[in-house]
Amino acid sequence: MLGMSRNPEAPGKLLGSISTDLQAAALEFCGTFVFLLFGLGGLQAASYQNTLQLSQSGQSGGLIKPTFTIVELLFSSAALGLSLLFSVWLFYRVTGGIFNPNISTALLLTGVIGPMIAAIAASAVLLALLPGPLSFNTVPGPGTSKSQAVFIEMFVTAALVLSVLMLAAEKHRSTAFAPIGIGLTLFACELFALIFTGGSLNTARSFGPAVVSGFDASHWVYWVGPFLGTLLAVGLYTIFKHVPYWTINPGQDSIDTTNSPSGPVDTIRDTTTHNTSRANAPGKSPRRIDPNGPADRDDYPTGTGPHGYDRAGRNSEAVAV
């Protein structure tokens, strides 16, 4: 991650690290700009198209944002989710592809300032490029109170932050595909939150448009809600690491076929053979296990060994048939 690795014994590393952090901040600005340019641009396009249709049918007299339709909700959610997916994938190996000050709260310089400025720049460019006023400011929806909006933003932001922590920060075989999971998480969260809160999940996403078009009295919601969501996600992540979670269900990303469960026929045959051999034994004798057969759950319950059922390890203890 950004500027997290420093060698205190090497002289002159502090200036080198600051230089690296400044470079990372500039690149994080570029990534956030790309994400919000296409994401917010998609929101503006959906709203503009819906307004034009209503205007042509005589139901609306101007470019006043109407109520969300189901098609607009799906289009807007997909625009944000897909924009995050491809922009994170582009910058994933460059800066980590954070683009969200609620995810990078601990990285003050490179994680908060960069996305905030990028959000303002992206909003200003869209205001200059597209017709009509900006329609992607985040405000609580009709009938949604500010306190409800805070908690909705808290839960959806927690889901997004947790997806980043578990899919990208935690290293596993599918870490390279983390942008897909993160983008789909944002898509699902937007489907839920967009109509009720505007679907911020990102203080920079709300701050940038507000700077360009004006602040609403409920703007504080999009600072408090995402911040509480960040704390909630970090708390859950801390619990997962304390357990530790990888010992509960090991080998989930294993590509070793021997960790796969046996087929029903093999399981029944192995169980029958095992019970028959024990019944015919005159007294207590070593358990007779086929080294090439399926894993025995009594001998190797879930969680034993680094890869679950350790077939290789039990061969040394088994008595050949």
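Rules of the game
- Residues numbered from 1 in each chain as written.
- Predicted model: local features only at pLDDT ≥ 70, side-chain atom pairs only at ≥ 80, totals over all residues.
- Heavy atoms only, no water.
- Helix = DSSP H or I, 4+ residues; strand = E, 2+ residues; numbered from the N terminus.
- Buried < 20%, exposed > 50% of the residue type's maximum accessible area, 1.4 Å probe, protein only.
- Contact = heavy atoms within 4.5 Å.
- Expected span 1.5 Å × (residues − 1).
- Bend = angle between axes of the 7 residues up to and from the residue.
- Core = buried A, V, L, I, M, F, W, Y, C linked by side-chain atoms within 4.5 Å.
- Axes fitted to C-alpha atoms, helices over the stretch in contact; angles between N-to-C directions.
- Parallel < 35°, antiparallel > 145°, perpendicular 65-115°, else oblique.
- Nonpolar A, V, L, I, M, F, W, Y, C, P; charged D, E, K, R; others polar.
- Phe/Tyr/Trp six-rings, centres within 6.5 Å; stacked < 30°, edge-to-face > 60°.

(A) Broad picture of the overall build of the chain. When helices and strands are counted, the chain shows 9 helices and 0 strands. Ordered by position from N to C terminus, the α and β elements of the chain give α-α-α-α-α-α-α-α-α. Buried positions account for 40% of the 321 residues belonging to the chain. Of the contacts formed within the chain by residues at least 6 apart in sequence, a portion of 73% connects residues at least 24 apart.

(B) Fine view of helix α5 (residues 178-197). Spanning 20 residues, α5 covers 26 Å between terminal C-alpha atoms, matching the ideal 28 Å at 1.5 Å per step. The largest bend in α5 is about 40 degrees, located at L191. Of all the residues in α5, the buried ones are A178, P179, I182, G183, T185, L186, C189, E190, A193, L194 and T197. Once α5 ends, the next one or two residues include G198, with phi positive near 90 degrees.

(C) Broad picture of the nonpolar core. In this structure, L84, I182 and L186 are the most contacted members of the largest nonpolar core, which totals 31 residues. Counting residues per element, this core draws most heavily on helix α1 (residues 13-56), at 6 residues. Beyond its immediate chain neighbours, meaning those up to four positions away, L186 contacts F35, L80, G81, L84, L160 and L201. Counting residues in hydrophobic clusters, the runner-up holds 6 residues, among them A158, V161, L162 and Y237.

(D) Seen up close, the packing of helix α4 (residues 146-169) against α5. In the contact formed by α4 and α5, the axes pass within 9 Å of each other and the chain directions differ by 175 degrees. Between α4 and α5, the crossing angle belongs to the class labelled roughly antiparallel. Residues A149, I152, E153, V156, A159, L160, S163, V164, L167 and A168 of α4 form the contact with α5, whose own contacting residues are A178, G181, I182, T185, L186, C189, F192, A193, F196 and T197. In terms of residue class, the contact of α4 with α5 is made up of 15 nonpolar, 4 polar and 1 charged.

(E) Here's a closer look at helix α7 (residues 221-242). Helix length check: α7 (22 residues) gives 31 Å between terminal C-alpha atoms against 32 Å at 1.5 Å per residue, within 8%. Residues of α7 that are buried sit in contact with α4, α5 and α6 (203-213).

(F) Structural detail: the packing of aromatic side chains. Under the criterion given, the structure shown has 9 aromatic pairs. Relative to F33, the ring of F29 lies with its centre 6.4 Å away and its plane at 20 degrees, an arrangement referred to as stacked. You can see F29 and its partner F33 sitting in helix α1, 4 residues apart, about one turn around the helix. Note on F29: relative accessible area 28%, which makes it partly exposed. Summarising the aromatic geometry, the rings of F38 and F86 are spaced 5.5 Å apart at their centres and angled 80 degrees between planes, so their arrangement reads as edge-to-face. With a gap of 48 residues between them, F38 in helix α1 and F86 in helix α2 (residues 70-91) connect regions that are remote in the sequence. Under the relative-accessibility criterion, F38 is labelled partly exposed at 47%. Accessibility expressed as a relative area gives 31% for F86, which makes it partly exposed. Through pairs of rings, three or more aromatic residues link up here, namely F35, F91 and F99.

Note that every value here comes from positions in space, so none of it alone points to a role or purpose.
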